[in-house]
Amino acid sequence: MGNLVYKGNRMRSTFITILIALVVGGMAIQLPSNSKLLTQGLTFRWEARGDVVRMAIEADFKNWVGIGFGSSMTNTDMIVIEINDNDTVTVTDRWSKGRSPPSKDEDIGGRNDVVLIDQEIKENSMKVVFERKQITGDKYDTDLIGNDVEIVWAYSPSKVMKYHRASYGVTDVQLSPKPKKQSETRINSTGPLILPKSFTNLGDKINIHWELKNDTIVIGLETKFVSWVGIGFGDTMNNTDMILVEIKDDNSVSVTDRWALFRSLPTRDEELGGTNDVRLLGSEIYNNTLKVLFERKLITGDKYDAEINVNGQEICWAYSDTKRASYHKGNYGLRVISFSGGPVDYRKYLAKITSRVVPYSGSRFDPYAKSKNPKNPFDSIRNQTRVRF
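Residues numbered from 1 in each chain as written. Predicted model: local features only at pLDDT ≥ 70, side-chain atom pairs only at ≥ 80, totals over all residues. Heavy atoms only, no water.

**Some thoughts on the overall build of the chain**
For step 1, the next point in the chain: Counting its regular elements, the chain contains three helices and 23 strands.
For step 2, the next point in the chain: The 389 residues of the chain split such that 50% are buried.
For step 3, the next point in the chain: Considering only contacts within the chain whose residues lie at least 6 apart along the sequence, 54% involve residues at least 24 apart.
For step 4, the next point in the chain: Of the roughly 20100 Å² of accessible surface on the chain, 50% is carried by carbon and sulfur atoms. (Helix = DSSP H or I, 4+ residues; strand = E, 2+ residues; numbered from the N terminus. Buried < 20%, exposed > 50% of the residue type's maximum accessible area, 1.4 Å probe, protein only. Contact = heavy atoms within 4.5 Å. Areas by Shrake-Rupley, 256 points an atom, 1.4 Å probe, with all protein chains shown as cover.)

**Some thoughts on the side chain of T256**
For step 1, the next point in the chain: Mapped onto the secondary structure, T256 falls in strand β18 (residues 253-260).
For step 2, the next point in the chain: Excluding residues within four positions of it along the chain, T256 makes contact with M242, I243, L244, R268 and N276.

**What about the packing of aromatic side chains?**
The geometry of an aromatic ring pair comes down to the distance between the two centres and the angle between the two planes.
For step 1, the next point in the chain: The full count for this structure, using the stated rule, is eight aromatic pairs.
For step 2, the next point in the chain: Centre to centre, the rings of F44 and W46 are 5.8 Å apart; their planes meet at 20°, and the pair counts as stacked.
For step 3, the next point in the chain: Residue F44 is classed as buried on the basis of its relative accessible area of 0%.
For step 4, the next point in the chain: When the centroid spacing of 4.6 Å and the interplanar angle of 20° are considered together, the rings of F61 and Y155 count as stacked. Taken together, the residues F61 in the loop between β3 (52-59) and β4 (65-69) and Y155 in strand β10 (residues 149-155) connect sequence positions 94 residues apart. Comparing F61 with Y155, the two get one shared label, buried.
For step 5, the next point in the chain: A connected cluster of aromatic rings, assembled from ring pairs, spans F61, W153 and Y155.
For step 6, the next point in the chain: Stacked on the ring of F233, the Lys or Arg R296 has its end atom at 5.5 Å from the ring centre. (Phe/Tyr/Trp six-rings, centres within 6.5 Å; stacked < 30°, edge-to-face > 60°. Lys NZ or Arg CZ within 6 Å of the ring centre and 35° of its normal.)

**Remarks on the sheet that holds strand β2 (residues 42-49)**
For step 1, the next point in the chain: Judged by pairing direction, the sheet is antiparallel, and its five strands sit side by side in the order β1-β2-β3-β9-β8 without closing on themselves. The two strands at the open ends of the sheet, each matched to only one other strand, are β1 (34-39) and β8 (115-122). Geometrically, the sheet is characterised by an average inter-axis angle of 15° between neighbouring strands, direction not taken into account.
For step 2, the next point in the chain: The pairing of β8 with strand β9 (residues 125-133) spans seven bridges and is classified as antiparallel. In the sheet register, E120 faces β9, and the bridge partner there is K127. (Pairing = 2+ DSSP bridges. Axes fitted to C-alpha atoms, helices over the stretch in contact; angles between N-to-C directions.)

**A few points about the environment of I117**
For step 1, the next point in the chain: With respect to the helices, strands and loops of the structure, I117 is situated in strand β8.
For step 2, the next point in the chain: The exposure class of I117 is partly exposed, given its relative accessible area of 34%.
For step 3, the next point in the chain: Sequence spacing of I117 and R54 is 63 residues, and the spatial spacing of their C-alpha atoms is 8.7 Å.
For step 4, the next point in the chain: Ignoring sequence-local partners within four residues, the contact set of I117 consists of R54, V129, F130 and E131.

**Examining the nonpolar core**
For step 1, the next point in the chain: Counting residues in each nonpolar core, the largest one holds 30 residues, and the members touching the most others are L221, I231, V245 and F294.
For step 2, the next point in the chain: Contributions of two or more residues to this core are made by β14 (206-213), β15 (216-223), β16 (229-232), β17 (240-247), β18, β21 (289-297) and β22 (313-319).
For step 3, the next point in the chain: Apart from residues lying up to four places away in sequence, V245 is in contact with L221, W228, V229, V253, S254, V255, L290, V292 and F294.
For step 4, the next point in the chain: V65, V89, F130 and Y155 belong to the second largest nonpolar core, which has 28 residues in total. (Core = buried A, V, L, I, M, F, W, Y, C linked by side-chain atoms within 4.5 Å.)

**Digging into the sheet that holds β16**
For step 1, the next point in the chain: Reading across the sheet, the six strands line up as β19-β18-β17-β16-β22-β23 and stay open at both edges, with antiparallel pairing between neighbours. Strand pairing shows two members of the sheet lacking a second neighbour, β19 (267-268) and β23 (332-337), which therefore form its edges.
For step 2, the next point in the chain: Bridge analysis of β16 against β17 gives four bridges, and the strand direction is antiparallel. By the bridge assignment, I231 is partnered in β17 with I243.

**Re the pairing of β17**
For step 1, the next point in the chain: Of all eight residues in β17, eight are buried, a share of seventy percent or more.
For step 2, the next point in the chain: Here β17 shows a buried face lined by T240, M242, L244 and E246 and a second buried face lined by D241, I243, V245 and I247.
For step 3, the next point in the chain: Of the pairings in the sheet, the one linking β17 to β18 comprises eight bridges and is antiparallel in character. In the sheet register, T240 faces β18, and the bridge partner there is A260.
For step 4, the next point in the chain: Between β17 and β18, which pair antiparallel in sequence order, lie five residues; one of them, N251, sits at a positive phi of approximately 70°.

**Examining the confidence of the model for the chain**
For step 1, the next point in the chain: For the chain, mean pLDDT is 81; residues scoring 70 or higher make up 77% of the total.
For step 2, the next point in the chain: Low confidence marks residues 178-184, where pLDDT is under 50. Its contacts with residues over four positions away, or in another chain, come to five contacts.
For step 3, the next point in the chain: Across residues 355-375, where pLDDT falls below 50, the model places 56 contacts with residues more than four positions away in sequence or in other chains. (pLDDT = per-residue confidence, 0-100.)

**With respect to the side chain of N207**
For step 1, the next point in the chain: Within the secondary structure, N207 sits in strand β14.
For step 2, the next point in the chain: With relative accessibility at 13%, the residue N207 sits in the buried group.
For step 3, the next point in the chain: Apart from the residues within four sequence positions on either side, N207 is in contact with V170, F199, T200, N201, G220, L221 and E222.

**Description of the environment of H328**
For step 1, the next point in the chain: Residue placement: H328 occurs in the loop between β22 and β23.
For step 2, the next point in the chain: When its relative accessible area of 13% is taken as the criterion, H328 is described as buried.
For step 3, the next point in the chain: Ignoring anything within four residues of it in the chain, the contact list for H328 reads W228, M237, A318, Y319 and S320.

So, in structure tokens, the structure goes:
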């Protein structure tokens, strides 16, 4: 009998120990099921739950993060996560008027419709779960239902919101997934094509991804259309090294190494006495989107190939609605990208570009006016001037 009492006490002791460990250590944080990598070390998660969208930020750092529902910070509904001194989290519902700190909804006559659900803050990482209704009725909140929702994001190395510099981007997610149509098929792909993690946008319909591998750069293009697209390593089409992606009649993809003499169809390097130094790694056409992955050496030795500057490379881009290269009309632009991840000083590039700009109105040219992206003022040059990239 005494032995049974001893065993019973030992079992109760073990149970109490486990219970205390669970209470002290806490249960593992439950993250929403859908996810999208925004940039290296930062993932956005979401899950529709009836009339509510549960969202989360998963980061390999412990800094403030902002998420906005739109393509820019101009008149955009935003959610800002900040870290308190005691390593707790504050999540606020905000509205951004432009390139300035977003205002809390309550301060401009709205409501705070975001609820903090859970958090896990560690020395060099954080997970934050929050939710809000798909339709709140607040004029400072975007409806989060139906079609793809554009997401603008930003962060900086600070616990509270400060200027994000180059740490920002735009992507799109389907917060309320639509049922897959029978007509949706993958072409020329054995499965989903995985693109490099680092990326930025080229205009509204193209994302460029990249990864450096020793003396080689791997580049991925992701478009919201299925037609030709070209990128060039320079600020114009005048004597510029270009890579052209086209769709063949059988819906396979070709990638060619070319040289643009001027504003006309770029010529293949081989036809000029050079070499084809671009290698296609994979492609995928799916649901009216195109993904293509290719690589080339940073320095090829071919006189028709630019030496790629990983710390600040000018990229001009263009596309149109045909499968084979044709005149792009207004579908073109320019961006400077740091493939190494460092900051870019746009001033030296703007000085060169604006020297040949002729404003439509004849008035003083403002490189930042009308720009959708305040960190990429080249967008506004095309809107205000007769310059041709």
